[in-house]
Amino acid sequence: MKVARVHPANHPLTGSVLCARDKSLSHRAAILAALAQGTTKVSGFSFCEDCLSTLSCLRQFGVRIKTYPDVGKVVVESGGWRELTEPEDVLYAGNSGTTARLLCGVASWIKGLTIITGDASLRRRPMRRVIEPLSLTGIQIGGRDNNRFLPVFIRGKYPLTPFEYRLSVASAQVKSALLLAALGADAPSCVREPFASRDHTENMLSYLGIRLEREPGRVVIHPPAKPLKARDFSLPGDVSSAAFLAAAALMVPDSGIYIQDVGLNPTRSGFLECVSRMGGQVKIHNLKEEFGERRGDLEVAFSSLRGVSIGKEIIPSLIDEVPILSVLATQAQGVTFITGAEELRVKECDRLRAMYLGLKTLGAKVEERSDGLIIEGPVTLHGGRVESFGDHRIAMSFAVAGLIAREAVEIVDVDCVKISYPEFFDHLQSLGCKRVEFYESEEEGEKSCL
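Conventions we followed
Residues numbered from 1 in each chain as written. Predicted model: local features only at pLDDT ≥ 70, side-chain atom pairs only at ≥ 80, totals over all residues. Heavy atoms only, no water. UniProt positions renumbered as here; feature names shortened; annotations may be inferred. Core = buried A, V, L, I, M, F, W, Y, C linked by side-chain atoms within 4.5 Å. Buried < 20%, exposed > 50% of the residue type's maximum accessible area, 1.4 Å probe, protein only. Helix = DSSP H or I, 4+ residues; strand = E, 2+ residues; numbered from the N terminus. Salt bridge = Lys/Arg side-chain N within 4 Å of Asp/Glu carboxyl O. Pairing = 2+ DSSP bridges. Contact = heavy atoms within 4.5 Å. Axes fitted to C-alpha atoms, helices over the stretch in contact; angles between N-to-C directions. Polar contact = N/O pair within 3.5 Å; in protein donor to acceptor, adjacent residues only side chain to side chain. Domains from an automatic or database assignment. Buried area = accessible area lost by both parts, 1.4 Å probe.

- In the nomenclature of an unreviewed UniProt entry, the protein corresponds to 3-phosphoshikimate 1-carboxyvinyltransferase from the organism Thermatribacter velox.
- According to the UniProt record, the Sequence similarities (unreviewed entry) comment for the protein reads "Belongs to the EPSP synthase family."
- Looking at the protein in UniProt, the text filed under Subunit (unreviewed entry) is "Monomer."

This is the structure in structure tokens:
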């Protein structure tokens, strides 16, 4: 098991870096390319482990995919969604919840049997939230432990029964699964959600010519009357990945960095909004838009931060950034309240518990609540050994914490960073973080933080 030892930064972080490509958009671009007739070129594809899981599964539906990781490109050739075929084997989604859930929607209208499973972590994540609404389309679908978990089986059919469904939790993955399933219905379907979740799927469907009626909390999708035609995608960087570099620059004295080509979709901008409220200096340059997705460059400088309240209405737009915001809160003047974030308990690990345990180990003033955290700052974090629990965002958050701690921070099991941001430590190094060591440990890390 690989351990990273991150030493305190002894000089400012400076320079420019091209942001890691957007994982959420990469999943969706590959899936929609598989549903479209013709050849799709996807540039700026994220070659992280999660997105590679999606490509592997799509190949089992009969989709032809060529990859060019050196230039960040994927080429997808497909006969269209009516040409996808029953997989010959079980689909393995690895650690990727997006892969598993979105492909449940796709498999709903592929005749035959599709079975989806994943690694030990993914097999503990909730699937009933997808299984229950998809059953309204008239398909046979079910999962382990009374439909709670993977493996999931789907016996698809065509056409599907149109539906209207209100999500109990704002989840872009569940919403996207339902929208993808609705493509195979014979009349419009409607999905409602309590708060706005990321809308990448809606933007990309519109780009491909699918008719959508969109208003706050509601999407109506009209099935296509003719085959989807392939269109190329050029993907921006991942704001969730950029958040770790930005947080480091905000906390390491006298730092100033430039992060190029970051996706700035308003439904993903909660981290930047919270940083602004905390007093963080972040400027946006070269703003533009492609296929409904905003993108631009971020200029980030060291800042004096203050505590803020982060509530449930904004959580869906920063769900992946809560761990690194928790580290920022330890350096902010006053108290930061994070509430309405109970969804983090069913991610790759229980992220609220993981951050509480790790921050407590490093000397933070932190209190765990059922739906969030209360963090008082500023405090000087001391060194120590913390667990990632196999969660990439926990590992990267504590790596950033190591830059501002009094002594080195060791993070157990950092290979999980490859799940979303394989270039993370290389990018930190390019910005001036030279004091990171890696070593193999025979000690088994904790498998769960429950």
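This is not the end of the story, as more comes after the structure.
**Structural notes on the nonpolar core**
Here's step 1: If you look at the biggest cluster of nonpolar residues, it comprises 84 residues, and the most contacted ones within it are Ile-259, Leu-328, Ile-411 and Phe-424.
Here's step 2: The dominant element in this core, judged by the number of residues it contributes, is helix H8 (residues 239-251), at 11 residues.
Here's step 3: By size, the runner-up hydrophobic cluster in this structure holds 70 residues, among which are Val-76, Leu-160, Leu-208 and Phe-291.

**With respect to the pattern of salt bridges**
Here's step 1: Summed over all chains, the structure comprises 30 salt bridges.
Here's step 2: For Glu-437, the salt bridge goes to Arg-5, with nearest N and O atoms at 2.7 Å. Of this pair, Glu-437 sits in strand S24 (residues 436-440) while Arg-5 is found in strand S1 (residues 2-6), placing the two residues 432 residues apart along the sequence.
Here's step 3: One salt bridge in this structure joins Asp-238 and Arg-268, with 3.0 Å as the shortest N-O distance. Of the two residues, Asp-238 sits in the loop between strand S14 (233-234) and H8 while Arg-268 sits in the loop between strand S15 (256-263) and helix H9 (270-277), which places them 30 residues apart along the sequence.
Here's step 4: Owing to a relative accessible area of 2%, Asp-238 belongs among the buried residues under this scheme.
Here's step 5: A relative accessible area of 3% means that Arg-268 is categorised as buried.

**Describing the environment of Glu-83**
Here's step 1: Along the chain, Glu-83 turns up in the loop between strand S5 (73-79) and strand S6 (91-92).
Here's step 2: The exposure class of Glu-83 is exposed, given its relative accessible area of 53%.
Here's step 3: Sequence separation of Glu-83 and Gly-432 is 349 residues, and the distance between their C-alpha atoms is 50 Å.

**Points about the sheet that holds S6**
Pairing between the strands of a sheet comes from backbone hydrogen bonds, and it takes one of two forms, parallel or antiparallel.
Here's step 1: Spatial ordering of the open sheet is given by S6-S7-S9-S8, a layout of four strands whose pairing is mixed. This sheet does not close on itself; its edge strands, each paired only once, are S6 and strand S8 (140-143).
Here's step 2: Looking at chain direction, S8 and strand S9 (residues 149-156) are connected through four bridges and run antiparallel. Note that in S9 the partner of Gln-140 across the bridge is Arg-155.
Here's step 3: Against the sheet, helix H3 (residues 97-107) makes contact with S6, strand S7 (112-117) and S9, and its axis sits at roughly 15° relative to S9, the strand it touches most.

**Examining the environment of Glu-86**
Here's step 1: Tracing the backbone through its elements, the reader meets Glu-86 in the loop between S5 and S6.
Here's step 2: Placed 192 residues apart in sequence, Glu-86 and Met-278 show a C-alpha to C-alpha distance of 51 Å.
Here's step 3: Look past the residues within four positions of Glu-86 in its chain and what remains in contact with it is Gln-60, Ile-110, Lys-111, Gly-112 and Leu-113.
Here's step 4: There is a polar contact of 2.7 Å between the side chain of Glu-86 and the backbone nitrogen of Leu-113.

**A word on the domain arrangement of the protein**
Here's step 1: Domain annotation of the protein identifies domain 1 (2-21 + 236-447) and domain 2 (23-234).
Here's step 2: Taken together, the contacts link 27 residues of domain 1 with 29 residues of domain 2.
Here's step 3: Per-residue buried area on domain 1 facing domain 2 is highest for Arg-21, Phe-291 and Ile-419; these three make up 26% of the total on that side.
Here's step 4: Linking domain 1 with domain 2 are three salt bridges, by the criterion used here.
Here's step 5: With a shortest N-O distance of 3.3 Å, Asp-320 and Arg-198 are connected by a salt bridge.

**Quick look at helix H7 (residues 200-207)**
Here's step 1: Most of H7 sits out of view: seven of its eight residues are buried.
Here's step 2: Within H7 the residues assigned to the buried category are His-200, Thr-201, Glu-202, Asn-203, Met-204, Leu-205 and Tyr-207.
Here's step 3: Packed against the buried residues of H7 are helix H1 (23-35), helix H6 (172-182), strand S12 (212-215), strand S13 (218-221), S14 and strand S17 (293-301).
Here's step 4: In the segment just after H7, Gly-209 is the residue with positive phi, at about 95°.

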